[in-house]
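# Descriptive structure summary
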Amino acid sequence: DVKVTQSSRYLVKRTGEKVFLECVQDMDHENMFWYRQDPGLGLRLIYFSYDVKMKEKGDIPEGYSVSREKKERFSLILESASTNQTSMYLCASSWGLAGDTQYFGPGTRLTVL
Amino acid sequence: QKEVEQNSGPLSVPEGAIASLNCTYSDRGSQSFFWYRQYSGKSPELIMFIYSNGDKEDGRFTAQLNKASQYVSLLIRDSQPSDSATYLCAVNANGNQFYFGTGTSLTVIP
């Protein structure tokens with residue numbers, strides 16, 4: 001079974017703090033993704049990576065950065081957290097082949113005060 | 001802009017009935033289509049995928065795809081209270097990126 005893990009289920013941070021969210025997958029997947037999910041807005045892609053050290057902006061990259069130094073690990077960084085970044089953050093991974101599905105981690109509920 | 005649209009619901013059906021969930025997509029180049037189920041506070045889990053026009057059945061679930069109409073649907077037969085969740089439609093056009101609808105909330109009433 002594919003396993004995607006995220007470093008925290010719940011996180012509370014203060015405005016202006018630097019926040020790191022980590023995601024690890026154990027299936028040697030090429031692609032990894034970071035989404036945020038908000039009520040009424042669905043899943044919105046922040047960044048994705050199709051190879052080590054490669055990254056592509058998604059639909060809402062502003063205020064975020066990412067790092068992928070190893071194939072299995074994809075980190076999302078909030079350089080200076082703001083209250084409008086309070087959300088559910090979901091990591092996913094896939095092989096990157098046509099027809100392949102994405103596998104999701106359990107999610108991190110981030111609250112920025 | 002690649003778009004995937006779903007009715008947000010909520011959709012309510014009595015236990016034992018058929019629930020019908022619908023999704024349309026805008027990119028004619030889309031190749032594969034997925035239905036995810038998401039319980040409140042949990043992450044999405046894959047329940048069905050379909051690549052070819054027609055129907056695909058898996059237990060109580062049937063996915064239907066019509067590429068000419070750019071339409072994909074999910075039927076849940078003999079609906080159970082445990083099927084109460086939000087159902088996300090997703091479309092994959094090129095292998096790398098997925099596009100998700102905003103989800104349809106389903107409630108199965110005992």
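The structure contained in this document is the topic of the report that follows.

Criteria and cut-off values
Residues numbered from 1 in each chain as written. Chains lettered and ligands numbered in written order. Predicted model: local features only at pLDDT ≥ 70, side-chain atom pairs only at ≥ 80, totals over all residues. Heavy atoms only, no water. Patch = residues over 30% accessible without salt bridge, like charges linked within 9 Å, V, L, I, M, F, W, Y side chains within 5 Å. Areas by Shrake-Rupley, 256 points an atom, 1.4 Å probe, with all protein chains shown as cover. Salt bridge = Lys/Arg side-chain N within 4 Å of Asp/Glu carboxyl O. Helix = DSSP H or I, 4+ residues; strand = E, 2+ residues; numbered from the N terminus. Buried < 20%, exposed > 50% of the residue type's maximum accessible area, 1.4 Å probe, protein only. Contact = heavy atoms within 4.5 Å. Pairing = 2+ DSSP bridges. Axes fitted to C-alpha atoms, helices over the stretch in contact; angles between N-to-C directions. Disulfide = S-S within 2.5 Å. Phe/Tyr/Trp six-rings, centres within 6.5 Å; stacked < 30°, edge-to-face > 60°.

### A word on a nonpolar patch on the surface
Side chains of B:Leu46, B:Phe49 and B:Tyr51 sit close together on the surface and give an oily, nonpolar patch of about 230 Å² of accessible area. Relative to the assigned elements, B:Tyr51 resides in the loop between β5 (45-50) and β6 (54-58).

### As for the side chain of A:Gln85
Residues and elements named next belong to chain A. Looking at the secondary structure, you find Gln-85 in the loop between β8 (73-78) and β9 (87-94). Taking the relative accessible area as the measure of exposure, Gln-85 reaches 4% and is therefore buried. Apart from residues lying up to four places away in sequence, Gln-85 is in contact with Arg-36, Glu-62, Gly-63, Tyr-64, Leu-78, Ser-80, Leu-110 and Val-112.

### A look at the sheet that holds strand β1 (residues 4-6) of chain B
Residue and element names in this part refer to chain B. Ordered by their spatial adjacency, five strands build an open sheet running β1-β3-β8-β7-β6, and the pairing between neighbours is antiparallel. What marks the edges here is a single partner per strand, and that holds for β1 and β6. Between one strand axis and the next, the sheet turns through 20° on average, direction left out of account. Sheet topology note: the strand β7 (residues 61-66)/strand β8 (residues 71-76) ladder contains six bridges and is antiparallel.

### What to know about the environment of A:Val112
Residue and element names in this part refer to chain A. Among the structural elements, Val-112 can be located in strand β11 (residues 108-112). Val-112 gets classed as buried once you look at its relative accessible area, which sits at 5%. When the C-alpha positions of Val-112 and Ser-82 are compared, they lie 6.2 Å apart, and in sequence the two are 30 residues distant. The contacts of Val-112, once residues within four sequence positions are left out, are Lys-13, Arg-14, Thr-15, Ala-81, Ser-82, Thr-83, Gln-85 and Thr-86.

### Details of the state of the cysteines
Overall, the coordinates contain two disulfides over all chains when judged by the stated rule. The disulfide bridge from A:Cys23 ends at A:Cys91, spanning 1.9 Å between sulfur atoms. Handedness of the A:Cys23-A:Cys91 disulfide follows from its S-S torsion of about -75°: it is left-handed. Remark: A:Cys91 occurs in strand β9 and A:Cys23 occurs in strand β3 (residues 19-25); sequence separation between them is 68 residues. Judged on exposure class, the residue A:Cys23 and its partner A:Cys91 are both buried. The disulfide that involves B:Cys23 links it to B:Cys89, with 2.1 Å between the sulfurs. On the sign convention where negative means left-handed, the S-S torsion of about -75° between B:Cys23 and B:Cys89 marks this disulfide as left-handed. Here B:Cys89 lies in strand β9 (residues 85-92) and B:Cys23 lies in strand β3 (residues 19-25), a separation of 66 residues in the sequence.

### What to know about the packing of aromatic side chains
Aromatic rings considered in pairs are described by the distance between their centres and by the relative angle of their planes. What the rule picks out here adds up to twelve aromatic pairs over all chains. An angle of 20° between the planes, with centres 5.9 Å apart, marks the rings of A:Phe33 and A:Phe48 as stacked. Residue A:Phe33 is located in strand β4 (residues 31-38), and its partner A:Phe48 is located in strand β5 (residues 42-49); the two are separated by 15 residues in the primary sequence. On the basis of relative accessibility, which here comes to 0%, the residue A:Phe33 falls in the buried class. Connected via pairs of aromatic rings, a cluster forms that spans A:Phe33, A:Tyr35, A:Phe48, A:Phe104, B:Phe34, B:Tyr36, B:Phe98 and B:Phe100.

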